[in-house]
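Structure at a glance
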Amino acid sequence: DRPYALAVGIANPLVILYLIGGYHNDALMMGFLCLGVAAAMKDKRILAVLLLTLATAVKLPAIAALLVVGWVWAGKDAPFRKRVLSVAAVMVPALAALAVLSVATGIGAGWITALRSTGKVMDTFSLMTMLGYFGSDLLNLLGLSDNPEIAVAPVRFLGLLAGLGISYWLMT
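Small disclaimer: the values here were computed from a predicted structure and weren't measured.

**With respect to the packing of aromatic side chains**
Counted by the stated rule, this structure contains two aromatic pairs. When the ring of Trp71 is compared with that of Phe80, the centres are 5.9 Å apart and the planes differ by 70°; the resulting orientation is edge-to-face. Taking relative accessible area as the criterion, Trp71 reaches 8% and is therefore assigned buried. Ring geometry for Trp71 against Tyr168: centres 6.0 Å apart, planes inclined by 65°, an arrangement best described as edge-to-face. Of this pair, Trp71 sits in helix α5 (residues 63-73) while Tyr168 is found in helix α9 (residues 149-171), placing the two residues 97 residues apart along the sequence. The structure contains a cluster of three or more aromatic residues connected by ring pairs, namely Trp71, Phe80 and Tyr168.

This is the structure in structure tokens:
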């Protein structure tokens with residue numbers, strides 16, 4: 001039932017506590033992302049790329065949606081080369097639009113250099129960060145290290161590799 005699913009989606013604790021209660025720009029990114037994916041599913045390509053580019057302008061991880069949309073628009077049985085060209089056909093205008101937005105808003109390329117600090121946040125909303133902290137606590141208990149980065153960084157990297165592998169497997 002669509003109205004029930006929408007109500008549960010909006011009224012779930014993650015949306016209420018984290019996105020709305022926390023004033024996070026993740027909510028804005030997710031709004032653009034959901035609208036962009038909906039437009040992509042209806043084959044409204046220009047609108048989809050525009051909305052997904054706006055989501056990416058809010059938070060960079062949304063760029064993954066642009067990659068996936070380009071990959072999928074190539075067709076179900078498309079060869080790898082055609083998929084790469086389709087991804088490029090999506091990414092080139094998206095990156096151009098991001099450049100124009102960066103200049104038009106006065107931000108310039110400053111947001112790119114700010115990306116260096118994005119991995120420094122160590123909250124436990126991430127499963128891999130939580131597992132890394134568990135490994136760090138175990139190392140600390142054994143007297144081997146009291147530095148959380150010894151375990152957290154490699155576990156997060158393994159999670160990234162696993163995510164990339166799963167994503168590629170799901171898209172092929």
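Picking up after the structure, the text goes on.
**Digging into unusual backbone geometry**
Positioned with a positive phi, Asp43 is a non-glycine residue whose angle comes to about 60°. Here Asp43 shows up in the loop between α3 (26-41) and α4 (45-58).

**Structural notes on the packing of α4 against α5**
In contact at an axis separation of 8 Å, α4 and α5 are set at 155° when each is read in the N-to-C sense. What the angle tells us is that α4 and α5 run roughly antiparallel. Contacts between α4 and α5 pair Arg45, Ala48, Val49, Leu52, Thr53 and Thr56 from the former with Ile63, Ala65, Leu66, Val69 and Trp73 from the latter. Its residues placed into classes, the contact of α4 with α5 shows eight nonpolar, two polar and one charged.

Conventions we followed
Starting afresh in each chain, residues are numbered from 1 along the sequence in its written order. Only residues with pLDDT of at least 70 are given local features in this predicted model, and only at 80 or more are side-chain atom pairs given and counted; all residues enter the totals for whole chains, interfaces and linings. Note that the side-chain values use all heavy atoms of the structure and ignore hydrogens as well as water. Centre distance within 6.5 Å is the pairing criterion for rings of Phe, Tyr and Trp, where only the six-membered ring of Trp is used; planes under 30 degrees apart are then read as stacked, over 60 as edge-to-face, and the remainder as tilted. Partly exposed describes any residue whose relative accessible area lies between the buried limit of under 20% and the exposed limit of over 50%, with all areas from a 1.4 Å probe on protein chains only and scaled to the type maximum. Note on conventions: DSSP H or I runs of at least 4 residues are helices, E runs of at least 2 residues are strands, and numbering of each starts at the N terminus. Helix axes use the C-alpha atoms of the stretch in contact, all axes being lines fitted to C-alpha atoms, and the angles between their N-to-C directions lie in the range 0 to 180 degrees. Convention used here: angles under 35 degrees read as roughly parallel, angles over 145 as roughly antiparallel, angles from 65 to 115 as roughly perpendicular, and any remaining angle as oblique. Any two residues whose heavy atoms approach within 4.5 Å are treated as being in contact. Three classes are used, and their members are as follows: Ala, Val, Leu, Ile, Met, Phe, Trp, Tyr, Cys and Pro are nonpolar, Asp, Glu, Lys and Arg are charged, and the others, Gly among them, are polar.

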